[in-house]
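A closer look at the structure
Next come the chains, spelled out residue by residue.
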Amino acid sequence: MNRDSASTQYERLRGDIVAGRIAPGTVLLETVLAERLGVSRTPVREALAMLERDALLERDRRGYRVRTRSPEELLEIYEARIALESTCAAAAAGRRSAFDLARLRHLTGEAATAGDPAQLRESHAAWHRALRAAAGNATIIELLERLDTLLAVYDDAEPTLTDRDEAAAEHRRVVDAIEAGDAEAARRTLAAHLDRSREARLARLAAGS
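Description of the structure in this document. (Residues numbered from 1 in each chain as written. Predicted model: local features only at pLDDT ≥ 70, side-chain atom pairs only at ≥ 80, totals over all residues. Heavy atoms only, no water.)

Observations concerning the overall build of the chain
Condition: Counting from the N terminus, the helices are the DSSP runs of H or I reaching at least four residues and the strands are the DSSP runs of E reaching at least two. Think of it in three bands: residues with accessible area under 20% of the maximum for their type are buried, residues over 50% are exposed, and the middle band is partly exposed, with areas taken using a 1.4 Å probe on protein chains only. When checking whether two residues touch, look at their non-hydrogen atoms; a contact exists if any pair is within 4.5 Å.
When helices and strands are tallied, the chain shows 9 helices and 3 strands. In the chain, the succession of α and β elements from N to C terminus is α-β-α-α-β-β-α-α-α-α-α-α. Taken along its principal axes, the extent of the C-alpha atoms in the chain is 55 × 35 × 30 Å. Here the chain holds 209 residues, and the buried ones make up 43% of them. In the chain, the share of contacts with a sequence separation of at least 24, taken over all contacts with a separation of at least 6, comes to 76%.

The structure is reproduced here in C-alpha coordinates:
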(Lines give C-alpha, C1' and ligand atoms only; values in the text may rest on other atoms or scores of the structure.)
Protein backbone atom coordinates (compact mmCIF):
# COMPACT_ATOMS: atom_id res chain seq x y z
CA MET A 1 0.00 0.00 0.00
CA ASN A 2 1.30 3.46 -0.94
CA ARG A 3 2.30 5.22 2.29
CA ASP A 4 1.19 8.53 0.80
CA SER A 5 -2.32 7.28 -0.05
CA ALA A 6 -5.47 8.41 1.74
CA SER A 7 -6.27 4.81 2.73
CA THR A 8 -2.87 4.46 4.42
CA GLN A 9 -3.35 7.65 6.41
CA TYR A 10 -6.91 6.64 7.21
CA GLU A 11 -5.79 3.30 8.67
CA ARG A 12 -3.00 4.98 10.59
CA LEU A 13 -5.22 7.66 12.14
CA ARG A 14 -8.09 5.25 12.73
CA GLY A 15 -5.76 2.93 14.63
CA ASP A 16 -4.52 5.79 16.81
CA ILE A 17 -8.06 6.97 17.59
CA VAL A 18 -9.44 3.51 18.36
CA ALA A 19 -6.44 2.66 20.55
CA GLY A 20 -6.77 5.94 22.44
CA ARG A 21 -3.40 7.29 21.33
CA ILE A 22 -5.32 10.30 20.03
CA ALA A 23 -7.61 11.25 22.90
CA PRO A 24 -11.30 12.16 22.59
CA GLY A 25 -11.71 15.90 22.15
CA THR A 26 -8.38 16.32 20.35
CA VAL A 27 -8.54 18.78 17.46
CA LEU A 28 -6.91 17.46 14.28
CA LEU A 29 -5.57 20.06 11.88
CA GLU A 30 -4.91 19.03 8.30
CA THR A 31 -1.67 21.03 7.98
CA VAL A 32 -0.24 19.85 11.29
CA LEU A 33 -1.07 16.22 10.58
CA ALA A 34 0.44 16.38 7.08
CA GLU A 35 3.69 17.68 8.52
CA ARG A 36 3.76 15.13 11.33
CA LEU A 37 2.98 12.21 9.01
CA GLY A 38 5.38 13.42 6.33
CA VAL A 39 2.83 13.47 3.52
CA SER A 40 0.99 16.05 1.46
CA ARG A 41 -2.26 17.59 2.66
CA THR A 42 -4.45 15.83 0.09
CA PRO A 43 -4.35 12.27 1.51
CA VAL A 44 -4.71 13.67 5.02
CA ARG A 45 -7.77 15.70 3.98
CA GLU A 46 -9.34 12.62 2.39
CA ALA A 47 -8.51 10.45 5.40
CA LEU A 48 -10.12 12.93 7.79
CA ALA A 49 -13.28 12.98 5.67
CA MET A 50 -13.37 9.16 5.78
CA LEU A 51 -13.02 9.20 9.57
CA GLU A 52 -15.86 11.69 9.80
CA ARG A 53 -18.03 9.30 7.78
CA ASP A 54 -17.10 6.58 10.28
CA ALA A 55 -18.38 8.93 13.04
CA LEU A 56 -14.98 8.88 14.73
CA LEU A 57 -14.50 12.60 14.03
CA GLU A 58 -16.78 15.62 14.03
CA ARG A 59 -16.36 19.03 12.45
CA ASP A 60 -14.61 21.75 14.42
CA ARG A 61 -14.24 25.38 13.38
CA ARG A 62 -10.50 24.75 13.01
CA GLY A 63 -10.75 21.33 11.40
CA TYR A 64 -11.92 18.08 12.97
CA ARG A 65 -12.26 16.91 16.56
CA VAL A 66 -12.11 13.35 17.85
CA ARG A 67 -15.59 12.58 19.12
CA THR A 68 -16.02 12.49 22.88
CA ARG A 69 -17.38 9.28 24.32
CA SER A 70 -20.73 9.43 26.08
CA PRO A 71 -23.19 7.03 27.74
CA GLU A 72 -25.86 8.21 25.29
CA GLU A 73 -23.77 7.27 22.26
CA LEU A 74 -22.89 3.91 23.78
CA LEU A 75 -26.57 3.13 24.38
CA GLU A 76 -27.46 4.10 20.82
CA ILE A 77 -24.70 1.91 19.37
CA TYR A 78 -25.83 -1.07 21.43
CA GLU A 79 -29.48 -0.55 20.54
CA ALA A 80 -28.54 -0.88 16.88
CA ARG A 81 -26.08 -3.71 17.45
CA ILE A 82 -28.50 -5.82 19.49
CA ALA A 83 -31.20 -5.46 16.84
CA LEU A 84 -28.86 -6.38 13.99
CA GLU A 85 -26.77 -9.09 15.59
CA SER A 86 -29.67 -10.87 17.25
CA THR A 87 -31.20 -11.02 13.76
CA CYS A 88 -27.95 -12.64 12.59
CA ALA A 89 -28.18 -15.24 15.36
CA ALA A 90 -31.76 -16.10 14.38
CA ALA A 91 -30.84 -16.32 10.70
CA ALA A 92 -27.82 -18.51 11.49
CA ALA A 93 -30.13 -21.03 13.17
CA GLY A 94 -31.70 -21.66 9.78
CA ARG A 95 -28.76 -21.15 7.44
CA ARG A 96 -25.66 -22.37 9.25
CA SER A 97 -23.48 -25.06 7.73
CA ALA A 98 -21.55 -27.78 9.50
CA PHE A 99 -18.43 -25.68 8.94
CA ASP A 100 -20.08 -22.65 10.56
CA LEU A 101 -20.91 -24.70 13.64
CA ALA A 102 -17.42 -26.18 13.85
CA ARG A 103 -15.84 -22.74 13.60
CA LEU A 104 -18.14 -21.26 16.25
CA ARG A 105 -17.41 -24.16 18.61
CA HIS A 106 -13.68 -23.83 18.03
CA LEU A 107 -13.67 -20.08 18.65
CA THR A 108 -15.78 -20.50 21.77
CA GLY A 109 -13.23 -22.92 23.18
CA GLU A 110 -10.32 -20.75 22.12
CA ALA A 111 -11.71 -17.71 23.93
CA ALA A 112 -12.56 -19.78 27.02
CA THR A 113 -8.88 -20.67 27.51
CA ALA A 114 -7.31 -17.37 26.46
CA GLY A 115 -4.94 -16.08 29.11
CA ASP A 116 -3.76 -12.96 27.32
CA PRO A 117 -6.24 -10.03 27.20
CA ALA A 118 -5.35 -9.18 23.60
CA GLN A 119 -5.86 -12.81 22.54
CA LEU A 120 -9.18 -12.92 24.40
CA ARG A 121 -10.42 -9.76 22.71
CA GLU A 122 -9.44 -11.05 19.26
CA SER A 123 -11.00 -14.49 19.86
CA HIS A 124 -14.20 -12.84 21.03
CA ALA A 125 -14.29 -10.59 17.96
CA ALA A 126 -13.58 -13.58 15.69
CA TRP A 127 -16.52 -15.45 17.22
CA HIS A 128 -18.86 -12.58 16.43
CA ARG A 129 -17.54 -12.37 12.86
CA ALA A 130 -18.14 -16.12 12.46
CA LEU A 131 -21.69 -15.76 13.78
CA ARG A 132 -22.42 -13.00 11.28
CA ALA A 133 -20.94 -15.04 8.44
CA ALA A 134 -23.20 -17.94 9.35
CA ALA A 135 -26.22 -15.64 8.93
CA GLY A 136 -25.26 -14.89 5.33
CA ASN A 137 -26.50 -11.28 5.18
CA ALA A 138 -23.82 -9.03 3.68
CA THR A 139 -25.75 -5.81 4.34
CA ILE A 140 -26.09 -6.51 8.07
CA ILE A 141 -22.43 -7.54 8.25
CA GLU A 142 -21.37 -4.21 6.73
CA LEU A 143 -23.50 -2.24 9.20
CA LEU A 144 -22.18 -4.23 12.15
CA GLU A 145 -18.59 -3.66 11.09
CA ARG A 146 -19.19 0.08 11.28
CA LEU A 147 -20.67 -0.31 14.76
CA ASP A 148 -17.59 -2.35 15.74
CA THR A 149 -15.42 0.64 14.86
CA LEU A 150 -17.52 2.95 17.01
CA LEU A 151 -17.49 0.52 19.93
CA ALA A 152 -13.74 0.01 19.77
CA VAL A 153 -13.10 3.45 21.30
CA TYR A 154 -14.80 2.20 24.47
CA ASP A 155 -12.38 -0.73 24.81
CA ASP A 156 -9.85 1.02 27.03
CA ALA A 157 -10.03 -1.57 29.83
CA GLU A 158 -8.55 -5.05 29.67
CA PRO A 159 -11.07 -7.92 29.85
CA THR A 160 -10.88 -9.97 33.05
CA LEU A 161 -11.10 -13.71 33.66
CA THR A 162 -14.67 -13.16 34.85
CA ASP A 163 -15.45 -11.43 31.55
CA ARG A 164 -13.87 -14.37 29.71
CA ASP A 165 -15.84 -17.04 31.55
CA GLU A 166 -19.19 -15.24 31.30
CA ALA A 167 -18.74 -14.55 27.59
CA ALA A 168 -17.72 -18.17 26.92
CA ALA A 169 -20.82 -19.51 28.67
CA GLU A 170 -23.03 -17.10 26.74
CA HIS A 171 -21.40 -18.00 23.44
CA ARG A 172 -21.96 -21.71 24.12
CA ARG A 173 -25.67 -21.10 24.74
CA VAL A 174 -25.98 -19.16 21.49
CA VAL A 175 -24.23 -21.92 19.52
CA ASP A 176 -26.40 -24.59 21.17
CA ALA A 177 -29.52 -22.73 20.01
CA ILE A 178 -28.13 -22.32 16.49
CA GLU A 179 -27.23 -26.01 16.29
CA ALA A 180 -30.75 -26.92 17.46
CA GLY A 181 -32.23 -24.72 14.75
CA ASP A 182 -34.09 -22.66 17.38
CA ALA A 183 -34.11 -19.17 15.87
CA GLU A 184 -35.97 -17.51 18.75
CA ALA A 185 -33.65 -18.96 21.40
CA ALA A 186 -30.61 -17.91 19.36
CA ARG A 187 -31.99 -14.39 19.06
CA ARG A 188 -32.82 -14.19 22.77
CA THR A 189 -29.52 -15.58 24.06
CA LEU A 190 -27.43 -13.37 21.76
CA ALA A 191 -29.40 -10.30 22.88
CA ALA A 192 -28.84 -11.23 26.53
CA HIS A 193 -25.09 -11.58 25.86
CA LEU A 194 -24.96 -8.10 24.33
CA ASP A 195 -27.10 -6.68 27.14
CA ARG A 196 -24.46 -7.77 29.64
CA SER A 197 -21.67 -6.42 27.44
CA ARG A 198 -23.44 -3.05 27.26
CA GLU A 199 -23.82 -2.82 31.03
CA ALA A 200 -20.17 -3.71 31.56
CA ARG A 201 -19.02 -1.02 29.17
CA LEU A 202 -21.32 1.56 30.77
CA ALA A 203 -19.89 0.70 34.19
CA ARG A 204 -16.33 1.14 32.92
CA LEU A 205 -17.25 4.44 31.29
CA ALA A 206 -18.83 5.69 34.52
CA ALA A 207 -15.81 4.59 36.57
CA GLY A 208 -13.44 6.46 34.29
CA SER A 209 -15.44 9.68 34.08
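Some points on the layout of surface pockets
What counts, and what does not: Think of a 1 Å grid over just the protein atoms. A cavity is a set of points where a 1.4 Å probe fits yet cannot get out, a pocket is an open set with protein on both sides within 12 Å along at least five of seven lines, and lining residues have an atom within 4 Å of a point. Grid points are joined across faces, edges and corners, and a volume is the space filled by probe spheres set on the points. For this scheme, ten residues count as nonpolar: Ala, Val, Leu, Ile, Met, Phe, Trp, Tyr, Cys and Pro. Four count as charged, namely Asp, Glu, Lys and Arg, and the remainder, Gly too, count as polar.
By volume, the largest pocket is sized at about 920 Å³. Considering the residues around the largest pocket, the lining is formed by 35 residues, among which Arg121, His124, Ala125, Asp155 and Arg201 are closest to the centre. Of all elements in the fold, only helix 1 (6-18), helix 4 (71-95), helix 6 (117-135), helix 7 (138-152), helix 8 (161-179) and helix 9 (183-208) reach the threshold of two or more residues within the lining of the largest pocket. Here the lining of the largest pocket is composed, by residue class, of 13 nonpolar, 6 polar and 16 charged.

Quick word on the sheet that holds strand 1 (residues 27-28)
What counts, and what does not: Strand pairing is assigned whenever DSSP detects at least two bridges linking the two strands.
Across the sheet, 3 strands lie side by side as 1-3-2; this open sheet has antiparallel pairing. Each of the sheet's edge strands pairs with one partner strand only, and the pair in question is strand 1 and strand 2 (57-60). In the sheet, strand 1 pairs with strand 3 (residues 63-66) via 2 bridges, with the strands oriented antiparallel. Bridged to valine 27 within strand 3 is arginine 65.

Remarks on the nonpolar core
Using the following cut-off: Residues belong to a common nonpolar core when they are buried Ala, Val, Leu, Ile, Met, Phe, Trp, Tyr or Cys residues joined through side-chain atoms within 4.5 Å.
Counting residues in each nonpolar core, the largest one holds 53 residues, and the members touching the most others are Leu13, Ile17, Leu48, Leu57, Trp127, Leu131 and Ile178. The biggest single contributor to this core is helix 4, with 8 residues. When neighbours within four sequence positions are excluded, leucine 131 is seen to be in contact with Glu85, Ala89, Ala92, Leu104, Val174, Ile178 and Leu190.

Thoughts on the pattern of salt bridges
Formally: What counts as a salt bridge is simple: a side-chain nitrogen of Lys or Arg found within 4 Å of a carboxyl oxygen of Asp or Glu.
Considering all chains together, one arrives at 21 salt bridges under this definition. Note that glutamate 30 is salt-bridged to arginine 41, the shortest N-O span being 2.9 Å. With glutamate 30 in helix 2 (residues 30-37) and arginine 41 in helix 3 (residues 41-53), this residue pair connects regions lying 11 residues apart in the sequence. Residue glutamate 30 is classed as buried on the basis of its relative accessible area of 18%. A relative accessible area of 44% places arginine 41 in the partly exposed class. Of the charged contacts, one joins aspartate 165 and arginine 164 as a salt bridge, the two residues approaching to 3.1 Å between their closest N and O atoms. Given the relative accessible area of 39%, aspartate 165 is considered partly exposed. For arginine 164, a relative accessible area of 15% translates into the label buried.

Here we look at helix 6
The test is simple: The span you would expect from a helix comes to 1.5 Å times its residue count less one. Whenever two N or O atoms come within 3.5 Å, that pair is a polar contact, provided that in protein one can donate a hydrogen and the other can accept it, and provided that, for residues adjacent in sequence, both atoms are side-chain atoms.
Helix length check: helix 6, at 19 residues, gives a terminal C-alpha distance of 28 Å against a target of 27 Å (1.5 Å per residue), a fit within 8%. Those residues of helix 6 not exposed but buried are Leu120, Ser123, Ala126, Trp127, His128, Ala130, Leu131, Arg132, Ala134 and Ala135. With a side-chain oxygen positioned 3.1 Å from the backbone nitrogen of alanine 118, the residue opening helix 6 is aspartate 116. Two residues or fewer past helix 6, glycine 136 is found with a positive phi of approximately 70°.

Some points on the side chain of serine 86
Looking at the secondary structure, you find serine 86 in helix 4. There is a polar contact of 3.3 Å between the side chain of serine 86 and the backbone oxygen of alanine 83. Discounting residues that sit within four places of it in the chain, serine 86 has contacts with Arg81, Arg187, Leu190 and Ala191.

Observations regarding empty space enclosed by the protein
It is a probe the size of a water molecule, rolled over the atoms, that shows where empty space is left. In total, this model carries 1 cavity of 30 Å³ or more according to the counting rule given. Within this model, the largest cavity holds a volume of roughly 100 Å³. Leu56, Arg67, Arg69, Glu73 and Val153 are the residues nearest the centre of the largest cavity, which is lined by 13 residues in total. Tallied by class, residues from the lining of the largest cavity come to 9 nonpolar, 1 polar and 3 charged.

Just distances and angles here, no functional claims.
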